[in-house]
Amino acid sequence: MFASKEVLSLDEVYKAQNELNRIKQSLLREALFGEGKMASEMVEGRERLHNLLYFQLSMSARLIRVYHFIGQPFYRPAAELSAVEITREVDRLLLLLAQHGIEITISDPHANADDRKLYSFITEVVFPKEVRDIRLPGICYSIDYNYYCPDHTHACIFVVDELLTGLFASDYKHFEVCLAEHFFINNDPREDLYTYVAAGFNAYKRYLKDYQLVGWTVESVDLDEAQRKGVVHLELHYGLERHSEPLISQKGQVVCYGQENNWWFIHRIDWPGLLLE
């Protein structure tokens, strides 16, 4: 990625990219249609003519691979490039694509889209894709990295965070409401799943006695994408109610299963003193 991004968090990069896109679109609409400088009726008229021109061109425009659309740039296999060379090549190819109106977006800021993965995505997925050979100002093709390379790691962390937030809410006595709103558990042959989980959670509270959860850390995530299974390994930090700093730490894990629509479900909770299947 660009060197300036190295000092920003993923969320900050995502917000900055959104703001840059907003500014870019604003400037582009001003240049093409006079938006902000001309009356709205004239802007709308110019935009309609622009759309009509694109429609007429698309009726006869041939389909062409992205690689040919951007001029068949030279590129080397990823295995031949060092980490520094990969970063430079990603920057070069992203700029070249942008100059031809093709934008690579990363809709999930937490996606594990490092430069080597991005390089492979551009050369192996984007280059063979076909677009209409239309060279018209203001026309942009957007390709979402996350659509082709979903980040299951982040999905698992998200659902576990929702689980812990729901379980350890201050009003956990209303546990069924927390369970319904904050996370999912896969189908269970028992009819009263909420009562079953609540009973296990109460046993867990008794095990901890006067301690309460004051925080948690995700240590690692093991993914088996063939089974769409993720095991999130946690370090749970506990303290006495009158203390703000954690006094003890315990290990635990949550097993998640995914479906094709990217919904993730809690399948198993395995913490000290609590075991739910």
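Keep in mind that this is a model prediction, so the values were computed, not measured.

Rules of the game
Residues numbered from 1 in each chain as written. Predicted model: local features only at pLDDT ≥ 70, side-chain atom pairs only at ≥ 80, totals over all residues. Heavy atoms only, no water. Helix = DSSP H or I, 4+ residues; strand = E, 2+ residues; numbered from the N terminus. Contact = heavy atoms within 4.5 Å. Phe/Tyr/Trp six-rings, centres within 6.5 Å; stacked < 30°, edge-to-face > 60°. Buried < 20%, exposed > 50% of the residue type's maximum accessible area, 1.4 Å probe, protein only. Axes fitted to C-alpha atoms, helices over the stretch in contact; angles between N-to-C directions. Parallel < 35°, antiparallel > 145°, perpendicular 65-115°, else oblique. Left-handed = near helix turned anticlockwise from the far one by under 90°. Nonpolar A, V, L, I, M, F, W, Y, C, P; charged D, E, K, R; others polar. Core = buried A, V, L, I, M, F, W, Y, C linked by side-chain atoms within 4.5 Å.

Caption draft 1: Representation of the environment of Cys156 in the model. Mapped onto the elements of the fold, Cys156 is located in helix α7 (residues 152–167). The sequence separation of Cys156 and Cys256 amounts to 100 residues, and the corresponding C-alpha distance is 6.6 Å. Excluding its chain neighbours within four sequence positions, the residues that come into contact with Cys156 are Leu223, Gly230, Val232, Cys256 and Trp264.

Caption draft 2: Representation of the packing of aromatic side chains within the structure. Following the criterion strictly, the structure yields seven aromatic pairs and no others. The interplanar angle of 85 degrees and the centroid separation of 5.8 Å between the aromatic rings of Tyr67 and Tyr75 together place this pair among those described as edge-to-face. What makes Tyr67 partly exposed here is its relative accessible area of 22%. Here Tyr67 and Phe127 contribute two aromatic rings whose centre-to-centre distance is 5.3 Å and whose plane-to-plane angle is 45 degrees, an arrangement assigned as tilted. Residue Tyr67 is found in helix α3 (residues 66–69), and its partner Phe127 is found in the loop between α5 (115–126) and β3 (130–132); the two are separated by 60 residues along the sequence.

Caption draft 3: Region of interest: the packing of helix α4 (residues 83–99) against α5. Where α4 meets α5, the axes come as close as 9 Å, and the angle between the chain directions of the two elements is 45 degrees. Between α4 and α5, the crossing angle belongs to the class labelled oblique. Crossing of α4 over α5 shows left-handed handedness. Residue-level contacts link Ala83, Ile86, Thr87, Glu89, Val90, Leu93, Leu94 and Leu97 of α4 to Asp115, Arg116, Leu118, Tyr119, Ile122, Thr123 and Val126 of α5. A per-class count over the contact of α4 with α5 returns ten nonpolar, two polar and three charged.

Caption draft 4: Molecular detail of the nonpolar core. Within the largest apolar cluster, 28 residues are counted, with the highest numbers of intra-cluster contacts made by Val66, Ile70, Leu97 and Ile102. Breaking this core down by element, the ones donating at least two residues are α3, α4, β2 (102–105), α5 and β4 (141–144). Per element, the largest residue contribution to this core is six residues, and it comes from α4. When sequence neighbours within four positions are dropped, the list of residues in contact with Ile102 reads Val66, Phe69, Ile70, Leu97, Tyr141 and Ile143. Counting 20 residues, the second-largest nonpolar core is a separate cluster that includes Leu164, Phe201, Tyr238 and Leu274.

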